[in-house]
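# Coordinates in review
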Amino acid sequence: LYNATVGTVNYSKYTGITNNTFLEWRFNGGYRITGKLGLTKQNDEANVFLPAGHTAFANITDYNSEAYATRGSYDRSNSSFFNYDASLVGDYSKTCGKNLIFATLGFSVAEQQSQATAISVIGFPNNRLDEIFYGNAYRNGSRPSGQNNISRRFSSFANFNYTYDRRFLFDLAL
């Protein structure tokens, strides 16, 4: 309970938005066009600040020691993610007597992007100095870290089918 009165910060934020859309258009002559689009966006943030007066540092009491100047810590991480996935497909079908023709042509594109950063800082001499840039040093053996990833995909396809008298079949796929 004491730690809640000395300015401790411990919170995370998350924001996510997703949209999926599907459209289909059928028109005369056996034609159909189908389109799909999916979008996702996400942001995350986490902050943990333990001021010098926090009980985690209660055993550091020697004012002359090097450890005394490292009391207090701040850990922050941020990440973001964006994704889209889209496709467009066209179909044609026609029946003439005993003949059936069916053809499909389509493509798909997608991309995923993600970024993340993390930093851990120590040495906050005053409980009111609660911003990460007031720290004296990075935590021992650490440094700011991060990553950035991008992944992309493109695909296309074509199919042709012919049927005669519902017994003889021919298929071609690319």
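Above: the structure in question.
Residues numbered from 1 in each chain as written. Predicted model: local features only at pLDDT ≥ 70, side-chain atom pairs only at ≥ 80, totals over all residues. Heavy atoms only, no water.

On to the overall build of the protein chain. When you go through the protein chain residue by residue, the secondary structure sums to 0 helices and 7 strands. Starting at the N terminus and ending at the C terminus, the protein chain contains elements arranged as β-β-β-β-β-β-β. The globule rule puts the C-alpha radius of gyration for 174 residues at 16 Å, and the 30 Å found for the protein chain is more than 25% above it. Along the first, second and third principal axes, the C-alpha set of the protein chain runs to 100 × 30 × 25 Å. (Helix = DSSP H or I, 4+ residues; strand = E, 2+ residues; numbered from the N terminus. Rg over C-alpha atoms; globule rule 2.2 N^0.38 Å.)

On to the environment of Gln115, then. Counting through the fold element by element, Gln115 comes out in strand β4 (residues 99–122). When its relative accessible area of 30% is taken as the criterion, Gln115 is described as partly exposed. Contact partners of Gln115, with chain neighbours within four places excluded, come to Asn78, Ser79, Ser80, Gln147 and Asn148. A polar atom in the side chain of Gln115 sits 2.6 Å from the side chain of Ser80. Here Asn148 takes part through its side chain, which lies 3.5 Å from a polar atom of the side chain of Gln115. (Buried < 20%, exposed > 50% of the residue type's maximum accessible area, 1.4 Å probe, protein only. Contact = heavy atoms within 4.5 Å. Polar contact = N/O pair within 3.5 Å; in protein donor to acceptor, adjacent residues only side chain to side chain.)

On to the side chain of Thr34, then. Along the chain, Thr34 falls in strand β2 (residues 31–50). Setting aside anything within four residues of it in sequence, one finds Thr34 in contact with Phe22, Leu23, Glu24, Ser87, Leu88 and Val89.

Structurally, Leu37 can be placed in strand β2. Taking the C-alpha atoms as reference points, Leu37 and Tyr68, 31 residues apart in sequence, are found 56 Å from one another. Setting aside chain neighbours within four positions, we find Leu37 in contact with Asn19, Asn20, Thr21, Asp85 and Ala86.

Across the 6 residues that make up strand β7 (residues 168–173), only a small minority, 0, are buried. Sheet topology places strand β6 (residues 145–164) next to β7; 6 bridges connect them, and they run antiparallel. By the bridge assignment for β7, Thr163 is matched with Leu169. Connecting the antiparallel pair β6 and β7 is a turn made up of 3 residues, with Asp165 showing a positive phi of about 60°. (Pairing = 2+ DSSP bridges.)

With that settled, consider the packing of aromatic side chains. Each aromatic ring pair is summarised here by two numbers: the centre-to-centre distance and the angle between the ring planes. Inspection of the entire model under this criterion finds 12 aromatic pairs. With a centroid separation of 4.8 Å and 45° between ring planes, the pair formed by Tyr31 and Tyr92 is classed as tilted. Highlighted residues: Tyr31 in strand β2 and Tyr92 in strand β3 (residues 73–96), separated in sequence by 61 residues. Accessibility expressed as a relative area gives 41% for Tyr31, which makes it partly exposed. Look at Tyr92 and you get partly exposed, because its relative accessible area is 24%. Relative to Tyr84, the ring of Phe82 lies with its centre 6.3 Å away and its plane at 50°, an arrangement referred to as tilted. Looking at Tyr84, the relative accessible area reads 26%, which means it is partly exposed. Aromatic ring contacts, followed pair by pair, group Trp25, Phe27, Tyr31 and Tyr92 into a single cluster. Just above the ring of Tyr68 sits the side chain of Arg71; from NZ or CZ to the centre is 3.8 Å. (Phe/Tyr/Trp six-rings, centres within 6.5 Å; stacked < 30°, edge-to-face > 60°. Lys NZ or Arg CZ within 6 Å of the ring centre and 35° of its normal.)

Interpretation in functional terms is not warranted from these geometric data alone.
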